[in-house]
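# Chain and residue survey
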Amino acid sequence: MASSPVERAFGQEVASWARRGGLLFRQARRAADLNQKALASVSGTSRTTLSAYEHGRKSPTLETAGRILDAAGFELVLEAKVECLARRTRDGHTFHVPSRLRRLPVSAALGVARVGGRAYELADRDERRAAYTALLCGGGPGELLAHIDAVLLIDLWRELDLPEEIAAAWRPLVETARQEAGVTHQ
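Residues numbered from 1 in each chain as written. Predicted model: local features only at pLDDT ≥ 70, side-chain atom pairs only at ≥ 80, totals over all residues. Heavy atoms only, no water.

A separate point is the overall build of the protein chain. Within the protein chain one finds 9 helices and 4 strands. If you list the helices and strands of the protein chain from N to C, you get α-α-α-α-β-β-α-β-β-α-α-α-α. A burial count over the protein chain gives 35% of its 186 residues as buried. Nonlocal contacts in the protein chain, meaning residues at least 24 apart in sequence, comprise 51% of its contacts between residues at least 6 apart. Accessible area of the protein chain: about 11500 Å², with a carbon and sulfur share of 53%. (Helix = DSSP H or I, 4+ residues; strand = E, 2+ residues; numbered from the N terminus. Buried < 20%, exposed > 50% of the residue type's maximum accessible area, 1.4 Å probe, protein only. Contact = heavy atoms within 4.5 Å. Areas by Shrake-Rupley, 256 points an atom, 1.4 Å probe, with all protein chains shown as cover.)

Time to look at the nonpolar core. In this structure, Leu101, Tyr132, Leu136, Ile148, Leu153, Trp157 and Trp170 are the most contacted members of the largest nonpolar core, which totals 31 residues. Broken down by secondary-structure element, the contributors of at least two residues to this core are β2 (94-98), β3 (112-115), α6 (125-138), α8 (150-156) and α9 (164-180). The element that contributes the greatest number of residues to this core is α9, accounting for 7 residues. Leaving out residues up to four positions away in the same chain, Ile148 has contacts with Leu101, Arg102, Leu104, Tyr132, Leu135, Leu136, Glu143, Leu153 and Trp170. Residues Ala40, Ala65, Ile68 and Leu69 belong to the second largest nonpolar core, which totals 10 residues. (Core = buried A, V, L, I, M, F, W, Y, C linked by side-chain atoms within 4.5 Å.)

Let us look at the pairing of β3. Alternating residues of β3 divide into Ala113 and Val115, all buried, and Val112 and Arg114, none buried. Of the strand pairs in this sheet, β3 and strand β4 (residues 118-121) are connected by 4 bridges, and their pairing is antiparallel. Each residue of the ladder has a partner; that of Ala113, found in β4, is Tyr120. Between β3 and β4, which follow one another and run antiparallel, lie 2 residues, and Gly116 among them has a positive phi close to 55°. (Pairing = 2+ DSSP bridges.)

This part is about the pattern of salt bridges. Oppositely charged side chains can pair when the atoms bearing their charge come close. Scanning all chains against the criterion turns up 12 salt bridges. As a salt-bridge pair, Arg129 and Glu159 come within 2.8 Å of each other at their nearest N and O atoms. One end of the pair, Arg129, is in helix α6; the other, Glu159, is in the loop between α8 and α9, and 30 residues separate them in sequence. Owing to a relative accessible area of 23%, Arg129 belongs among the partly exposed residues under this scheme. A residue is classified by how much of its surface remains accessible, and Glu159, at 35% relative accessible area, is partly exposed. Its salt-bridge partner being Glu175, residue Arg178 comes within 2.8 Å of it at the nearest N-O pair. (Salt bridge = Lys/Arg side-chain N within 4 Å of Asp/Glu carboxyl O.)

Once that is clear, we can look at a nonpolar patch on the surface. Together, Leu24, Leu62 and Leu76 give the surface a local cluster of nonpolar side chains, amounting to about 300 Å² of exposed area. Tracing the backbone shows Leu24 in helix α1 (residues 5-31). (Patch = residues over 30% accessible without salt bridge, like charges linked within 9 Å, V, L, I, M, F, W, Y side chains within 5 Å.)

Checked against the element boundaries, His147 lands in helix α7 (residues 141-147). What makes His147 buried here is its relative accessible area of 14%. Once residues within four sequence positions are removed from consideration, His147 is found in contact with Leu104, Ala108, Val112, Ala113, Arg114, Leu122, Tyr132 and Leu135.

Along the chain, Ala150 turns up in helix α8. Considered as a pair, Ala150 and Glu180 are 30 residues apart in the sequence and their alpha carbons are 10.0 Å apart. In this view, Ala150 contacts Leu101, Arg102, Arg103 and Ala177; residues no more than four positions away in its chain are not counted.

This is the structure in structure tokens:
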């Protein structure tokens, strides 16, 4: 019997999740410098089953996924999805605003940001201020999510030279992040 469009779409979504899960297992295993046999052994599964997970041929239960990632030295964590909304200023300039701010790994928060053909050393406060100004005014969703750290933005917020329309769009995010971080002074 032929499957319905909904069943086909659901099947494609499941296959997509299986491929992403496989990539996650491979990344964790490689980061732990383990081969499949070693990770399978310490996580209590077989090498063939781990291979099937890594290649998206099988999907583990959450319990199994957690056990495999734990054996590789990682945690399975639930993190809120962040989406960016495109906005326009009165003069037609497009900028993006995320649905929420998040903390970045130190290597990303203090690494190098390439924005508009320029490289910024985010570990340097003055460079970070210039990068954040450029990012908030014209960074794309990928750039914002890769380089804007909630706590570092809170710290720099009053020093950023932003057009009022852009500042007004970002201000609620900064205030929410400030409250979540327990920062009471402005």
